[in-house]
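# Architecture and fold: a report
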Amino acid sequence: MNKTILAIETSCDDTSASIISNGKIESNVISSQLDHKKLGGVVPEIASRSHQKNIIYIVNSALSDAGAVKSDLDAIAFTIGPGLLGSLLVGSTFAKSFGYSLGIPLIGVNHLKAHAFSHTINKKKFNYPFLSLLVSGGHTQIILVKSYDDMEVVGETRDDAVGEAFDKCAKILGLDYPGGPLIDKYSINGNENMFLFPNTKVPDLDFSFSGIKTSFLYFINDNIKENSDFIEDNLNDICASIQKKLVEMLLDKFILAIKKYKVKDISICGGVAANSSLRKEINKLSEKHNLEVHIPEMEYCTDNAAMIANYAHYMYDDKKFSDFNIVPYSKNII
Ligand code: KG4
Ligand code: ZN
């Protein structure tokens, strides 16, 4: 039986639509909102307004890139949460209206579950249970995935997300938003052992990134007092050193979780999974501990509708359709 699903992702500042046909991603269109770059972060009201402006064009592009038309669709999937409520309302209201007019079912997808499954896009070989390190601008979690529908958060940040820490450190350095990719870029030519940052002690498998951000701010201010050109003179080394610390903080806890849950398969996902140092270190870790590592392709790390489409096709097979009275949620639940 043919199965074609349109998926819509509007949880934060990216408007995205994707078509999946019989388990294969046929298109993935993403419009990133450049207004936030100028403002140094995501402004929720601007995000919702931009989704309103973009959504119909993005959906049309996803259909035409896939060579599909409305009548080919068997279901409409959309991100139901967590995320910014105003942004989610745009995607969900659009999905409901479109689904209602076409007379096809709705599939409300949890954004975090979709991230945790993003490494399975277009390839199916992996074993349960696996541990997923979900690292993005809004989340930092270790998730034990027992099946596509049975996931447990076994560790998470008690304050900021790691992507937020990357972005805040970048802002302190005067870099644009989002700063994570820029820190990654400048790190390539830097010495990661040039500057040391203090360790943060957090119990269990949890994380904390607010302390490192404050230490970083003091470190920069103290050095600027000595040399007003400190940032310009040392940008590559500063970026490489803070990146090394943030990646170390993630992997220290991830290793503890791997030992505790004795899994053989691991994955990373979310925007920070695009980080070159994290990708390199997770590969080293998998070799050292003889683990099967699954890393999503770059375009499926940051927010994208293909991961929503991918997750929705598992839900479709189990007929996990949503009622038309379903309401989006901002709360961090999985
Ligand atoms: O998953 P995502 O697109 O959105 C959220 O759900 O938050 O993640 C965005 C986050 C931002 O904080 C961004 O700075 C970070 O991912 N990011 C990176 C890299 N690419 C994106 N952080 C470090 N290195 C990268 N290469
Ligand atoms: Zn995300």
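Just above sits the structure.
Below is a short write-up of the structure. (Residues numbered from 1 in each chain as written. Chains lettered and ligands numbered in written order. Predicted model: local features only at pLDDT ≥ 70, side-chain atom pairs only at ≥ 80, totals over all residues. Heavy atoms only, no water.)

### Some words on the pattern of salt bridges
Between side chains of opposite charge, a pair can form as their charged atoms come close. Going through the model one piece at a time under the given rule, you end up with 14 salt bridges. Measuring nitrogen to oxygen at the nearest pair gives 3.0 Å for the salt bridge that ties K146 to E152. You can call K146 partly exposed: its relative accessible area is 34%. In this structure E152 comes out as partly exposed when scored by relative accessible area, which is 34%. R158 is the salt-bridge partner of D206, the closest N and O atoms lying 2.9 Å from each other. Placement of D206 in the loop between α6 (180-187) and α7 (210-226) and of R158 in the loop between β8 (150-156) and α5 (162-172) is noted, with a sequence separation of 48 residues between them. (Salt bridge = Lys/Arg side-chain N within 4 Å of Asp/Glu carboxyl O. Buried < 20%, exposed > 50% of the residue type's maximum accessible area, 1.4 Å probe, protein only. Helix = DSSP H or I, 4+ residues; strand = E, 2+ residues; numbered from the N terminus.)

### Here we look at the site of ligand 1
Around ligand 1 sit 19 residues in total, of which G137, D167, D184, N275 and D303 are the nearest. G271 places a main-chain nitrogen or oxygen 3.0 Å from an oxygen atom of ligand 1. Compared with its free state, where it exposes 550 Å², ligand 1 has 89% of that area covered by protein. Breaking the shell around ligand 1 down by element, the ones donating at least two residues are α4 (111-116), α5 and α6. Sort the elements by how many residues they give to the shell around ligand 1 and α6 lands first, with three residues. Here the residues of the shell around ligand 1 sort into five nonpolar, 11 polar and three charged. Taken domain by domain, the makeup of the shell around ligand 1 includes at least three residues from each of domain 1 (4-118 + 301-317) and domain 2 (127-295). (Near = heavy atom within 4 Å. Polar contact = N/O pair within 3.5 Å; in protein donor to acceptor, adjacent residues only side chain to side chain. Areas by Shrake-Rupley, 256 points an atom, 1.4 Å probe, with all protein chains shown as cover. Nonpolar A, V, L, I, M, F, W, Y, C, P; charged D, E, K, R; others polar. Domains from an automatic or database assignment.)

### Topic: the coordination of the zinc ion (ligand 2)
Within the protein, H111 (NE2), H115 (NE2) and D303 (OD) serve as the donor atoms for the zinc ion (ligand 2), at 2.1 to 2.2 Å. Seen from the zinc ion (ligand 2), its four donor atoms lie at angles of 93 to 149°, and the figure they make is irregular. Taken in chain order, the donor set of the zinc ion (ligand 2) reads H-x3-H-x187-D. On the criterion of sequence distance, the pair formed by H115 in helix α4 and D303 in the loop between β10 (292-294) and α10 (305-317) is long-range, its members being 188 residues apart. Of the residues examined, H115 reaches a relative accessible area of 1% and is grouped as buried. A relative accessible area of 15% places D303 in the buried class. (Donors = N, O, S within 2.8 Å, 3.2 Å for Na, K, Ca; no water. Tetrahedral: all angles 85-135°; square planar, octahedral: opposite > 155°, others 65-115°.)

### With respect to the packing of aromatic side chains
Counted according to the given criterion, the structure contains 19 aromatic pairs. Members of the aromatic cluster, connected to one another through ring pairs, are F117, F126, Y128, F130, Y148, Y311 and Y314. Positioned above the aromatic ring of Y186 is the side chain of K185, whose terminal nitrogen or guanidinium carbon lies 5.2 Å from the ring centre. (Phe/Tyr/Trp six-rings, centres within 6.5 Å; stacked < 30°, edge-to-face > 60°. Lys NZ or Arg CZ within 6 Å of the ring centre and 35° of its normal.)

### Brief notes about the sheet that holds strand β2 (residues 14-21)
The strands making up a sheet associate through hydrogen bonds between their backbones, and the pairing can be parallel or antiparallel. Read across the open sheet, the five strands follow the order β3-β2-β1-β4-β5; overall the sheet is mixed. What marks the edges here is a single partner per strand, and that holds for β3 (24-32) and β5 (106-110). Shown here is a sheet whose adjacent strand axes are inclined to one another by a mean of 20°, direction ignored. Direction of pairing for β2 relative to β3: antiparallel, over a ladder of eight bridges. Within β3, the position partnered with S18 by the bridge is N28. (Pairing = 2+ DSSP bridges. Axes fitted to C-alpha atoms, helices over the stretch in contact; angles between N-to-C directions.)

### Description of the sheet that holds β8
Taken in spatial order, the five strands line up as β8-β7-β6-β9-β10 in an open sheet, and their pairing is mixed. Both edges of this open sheet fall to β8 and β10, since each of them pairs with a single strand only. Here the strands of the sheet are splayed against their neighbours by 25° on average, with no regard to which way each runs. Bridging between strand β9 (residues 265-269) and β10 involves three bridges; their strand directions are parallel. The partner of D265 across the bridge, within β10, is E292.

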